[in-house]
Amino acid sequence: MFAEVIVDVAAYPIDRPFDYAVPEKFQTIIESGSRVKVPFGNRQVLGFVTAIKSETDVPVEKQKPVGELLDIEPVLTQEMLEMTKWLRRHTLCYEIDALQVMLPSALRAKYEKILEIVDHNFELPQSIQAMFQQKDRVELKVDESKELLTTIKKLIKENILALETVVKQKTAVKKVRMILIESDVKKLQEIHLNISNQAKKQKDVVKWMMNYAGTRIVSTDLLKRLNTSNAVLQAVMEKGAATLELEEVYRDPYADRTINVSAKHSLTNEQHLALSEIIFSYDKHEAKTFLLHGITGSGKTEVYLQAIERALHDQKEAIVLVPEISLTPQMTNRFKERFGSLVAVLHSGLSTGEKYDEWRKIKRGEVKVVVGARSAVFAPFQNIGLIILDEEHEGTYKQDDSPRYHARDVAIWRSEYHHCPVILGSATPSLESYARAKKGNYSLLTLTKRPRDQALPEVSVIDMREQLKNGNRSMFSLELAESIRRRLDKQEQMVLFLNRRGHSSFVLCRDCGTVVECPNCDISMTYHRHQERIKCHYCGEESQVPNICPECKSDHIRFFGTGTQKVEEEIARLFPTARVLRMDVDTTRKKGSHEHILKLFGDGKADILLGTQMIAKGLDFPNITLVGVLSADTTLHLADFRAAEKTFQLLTQVSGRAGRHDKEGQVIVQTYTPEHYAIQFAKHHDFVPFYNQEMVNRKQFAYPPYTFVAFIQITHEDVLMTAEYAHKTANWLRENLSNSTEIIGPTASSISRVQNRYRYQCLIKYKKEPTLPEVLQQLTRIYRTDWMKKGILMSIDLNPSSIM
DNA sequence: CTTCGCAAGCCA
DNA sequence: GGCTTGCGAAGA
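Conventions used here
Residues numbered from 1 in each chain as written. Chains lettered and ligands numbered in written order. Predicted model: local features only at pLDDT ≥ 70, side-chain atom pairs only at ≥ 80, totals over all residues. Heavy atoms only, no water. UniProt positions renumbered as here; feature names shortened; annotations may be inferred. Near = heavy atom within 4 Å. Polar contact = N/O pair within 3.5 Å; in protein donor to acceptor, adjacent residues only side chain to side chain. Nonpolar A, V, L, I, M, F, W, Y, C, P; charged D, E, K, R; others polar. Domains from an automatic or database assignment. Helix = DSSP H or I, 4+ residues; strand = E, 2+ residues; numbered from the N terminus. Phe/Tyr/Trp six-rings, centres within 6.5 Å; stacked < 30°, edge-to-face > 60°. Buried < 20%, exposed > 50% of the residue type's maximum accessible area, 1.4 Å probe, protein only. Lys NZ or Arg CZ within 6 Å of the ring centre and 35° of its normal. Contact = heavy atoms within 4.5 Å.

Per an unreviewed UniProt entry, chain A is named Replication restart protein PriA, and its organism is Paenisporosarcina antarctica. Reading the Sequence similarities (unreviewed entry) entry of the UniProt record for chain A gives the comment "Belongs to the helicase family. PriA subfamily." The record in UniProt for chain A states the following under Function (unreviewed entry): "Initiates the restart of stalled replication forks, which reloads the replicative helicase on sites other than the origin of replication. Recognizes and binds to abandoned replication forks and remodels them to uncover a helicase loading site. Promotes assembly of the primosome at these replication forks."

Right, here's the structure in full:
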């Protein structure tokens, strides 16, 4: 018996199954989908069994046995193994990457290097002895000094020390110590009698136990209750009054939260219609994709909830994907409220162990609904009735490193496997999805009204050029400043949005015009006033703020451009009474800080929530009556064909934060290009006309949805090398792809250097290219066998979410 | 002739 | 990807 194993080594020649002999003892339990430890080369690695077979072509002398079977129950289902193959072809990743992405990180291997003393007679050098500290085996850390490593190497050669790689699981199943009290009271009485009167505490414990004969109690609880020590308990147990048992438990991330159960809301006609279409297709076991296009606040969530209720009723499971779970606590809570303990929330704030526990609950079918970000699409359910992607247009559904999958594609693949519907929900669908819906590939459902018929907020677009002409050089237009003042007077809340963090976007010398740039990247450094430092937002480089110009030594250093920090200061100056909460990458670095800030704001502890795009999603507070967009232009002029689409989506989403409840909302958008169609259509909340206009542009320039796009980026430390291989790539593509396919480039990327690597890119635009995965696979092969050695890095992104 | 450093080759 | 091996260069 042999097992085909994909080993945990991401390298080109290893990206295929290796056959291992299955030892007798594992033959009845090993299955495809199990994890194994196998010898590979001269070390131990983790691997996944992908098939079991009785014969192999591998010559006997090369055959090696499976070292250890890590799972009695396979961790990967048959579905996941099939999905792996598809994922690999469509994202051009290593098979091992595709396998690992489906599992919680706790199930990935942790490799430890253990150094062992073999020859105890040898007098070890002082430095080595210090490392061992009387022990025989110690973990060898990677960051040991060079000299130490060379001595260790020598000693290994002389067989005095031995090095061994050990495969460990990252997180173990959490176990709790349970005390099993003896059930025979007579026996307890006997033990009680035999304890000497000196051991008073032991006597007390056993006396107490007589009242609880045969019961189980958590060890720590018992100790606390009897106010006694572990030593006493141990002594009592040795005398036979109780036994110890380890019980598996789940870490409960929501232990200290109370949840109020909510009833279902009644539906509007539109909601009802949408729901019944979904249910109709669900009943027929159709793998149909619905695009639920509903304006902000139109009650998409309620449709999801009731559709899920239906699936649960049939003992089926549901997956709900949200763009960024820590930003949508309100949405998550609604699921918790409706389905209680049947919901598992896969939260980025959970520890590895907590995530693993939630995963096991899903696998064992102890929960039926999963709410989570992108990776939750791989939830190990076996009987899925419904998959939902909320805010389907969001870029976070696309993973930006290998495997570069889009959660929407995985969701649709799984829906075909499980014969169940998928709902893509959004107020501002992506052009691709809307086009597919219009073509009939997806089925379009529309919600045009808010449940209690609240009006959409009034959006005013302020031309900042006019403000400048009239002598207002502030970042707040007169209208916005006036509106903020009014809200402060009325004690209503507002949200201010600016898509740039930090204080000033660049540091400029007024004498020679030098802009301080990052030494590693081709981008200007951003000034952060709180730490009085300048930072690169691409590589994280930080340094002191220069007092004099690095070029001309002038001291006329000035800060230009506006970031959230500067806005915060400006608010403090103009509205000294306003209480401001700032929410951006800098204030939310710690776990749980998103929730904390949102909670403070929800509790009315601040008047103004100021933030970057992370506040655009999901906020739903009744008291918000003003939304201000300080500069709508930042996303509009990006070198990306989706710039207009992203601007429109952002403005619409942000506007949707105002006036969701009884109070009327107002939105003020400041811009230097008020005439731009993305801004004009967003002003009128007009998705369809925007779509039509944008489609005209996409057609003219042959961009998606009219074509498909693949994006290839080449980087190297040397500009010439980068350019050379980018040209090689483009030429190779031109030779191997059909004439109707357009290859743009190579061109230098818009940020031409990041972390000291120059960047060039090629864009492939195609309508029909059935062999593209294979052609790109071949290109990857050339790259991995040849170019990689020269220090070239190439990445291929099929259907990229951004081309920058 | 030994030792060091690095590129090449292999892994069942 | 990580480990061994084999080769050439540097040093005694």
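Enquirer: Describe in detail the protein's contact with DNA strand C, supporting the description with residues and values.
Expert: By nearness alone, every residue bordering DNA strand C is listed as Val9, Ala10, Ala11, Phe40, Asn42, Arg43 and Lys113. Counting only atoms of DNA strand C within 4 Å of the protein, the fraction found in sugar and phosphate groups is 65%. Within the backbone of Ala10, an N or O atom sits 3.3 Å from a sugar or linking oxygen of DNA strand C. Of the residues in the surface near DNA strand C, the class split is 4 nonpolar, 1 polar and 2 charged.

Enquirer: Run through the domain arrangement of chain A, naming residues and quoting values.
Expert: As a measure of interface size, the accessible area lost when the parts come together is often cited. Along its sequence, chain A is organised into domain 1 (2-105), domain 2 (110-169), domain 3 (175-248), domain 4 (269-447), domain 5 (458-501 + 563-698) and domain 6 (708-797). Each of domain 1 and domain 3 has a C-alpha centre, and these two points are 47 Å apart.

Enquirer: Hey, could you go over the protein's contact with DNA strand B for me, with residue numbers and the actual values?
Expert: Around DNA strand B, the structure places 13 residues, and the nearest of them are Ile14, Arg16, Val58, Lys62 and Lys64. The sugar-phosphate share of atoms of DNA strand B within 4 Å of the protein amounts to 45%. One nitrogen or oxygen atom from the main chain of Asp19 is found 3.1 Å from a sugar or linking oxygen belonging to DNA strand B. One of the side-chain N or O atoms of Lys62 is found 3.4 Å from a phosphate oxygen in DNA strand B. Elements that contribute at least two residues to the surface near DNA strand B include exactly strand 2 (18-21) and strand 3 (35-40). With 3 residues, strand 2 is the largest single contributor of residues to the surface near DNA strand B.

Enquirer: Help me get a handle on the packing of aromatic side chains, residues and values and all.
Expert: With the rule as written, the count across this model stands at 19 aromatic pairs. Judged by centre distance (5.2 Å) and plane angle (85°), the ring pair of Phe18 and Phe40 falls under edge-to-face. One end of the pair, Phe18, is in strand 2; the other, Phe40, is in strand 3, and 22 residues separate them in sequence. Residues Phe18 and Phe40 agree in their burial class; the two are buried. Taking 4.5 Å as the distance between ring centres and 10° as the angle between the ring planes, the aromatic pair formed by Phe641 and Tyr703 counts as stacked. A residue pair is termed long-range when its members are at least 10 positions apart, and Phe641 in the loop between strand 28 (624-629) and helix 19 (643-655) and Tyr703 in the loop between helix 21 (687-700) and strand 30 (708-716) qualify at 62 residues. There is no split in this pair, since Phe641 and Tyr703 are both buried. Cluster of aromatic residues (ring-pair linked, three or more members): Tyr434, Phe648, Tyr677, Phe687, Phe690 and Tyr691. Its end group placed over the ring of Tyr356, Arg360 keeps NZ or CZ at 4.8 Å from the ring centre.

Enquirer: So what's going on with the UniProt feature "binding site: Zn(2+) 1" (unreviewed entry) in chain A? Residues and values would help.
Expert: UniProt's entry tags Cys509, Cys512, Cys549 and Cys552 with the feature "binding site: Zn(2+) 1" (unreviewed entry), counted in the numbering of this structure. Taken together, the annotated residues stretch across 44 residues yet fold into one region, lying no more than 8.6 Å apart by C-alpha. Structurally, Cys549 is set in the loop between strand 24 (542-544) and strand 25 (557-560). In contact with Cys549, not counting residues within four places along its chain, are Cys509, Cys512, Thr514, Ser554 and Ile557. Structurally, Cys552 is set in the loop between strand 24 and strand 25. Residue contacts for Cys552: discarding those within four places in its chain leaves Cys509, Asp511 and Cys512.

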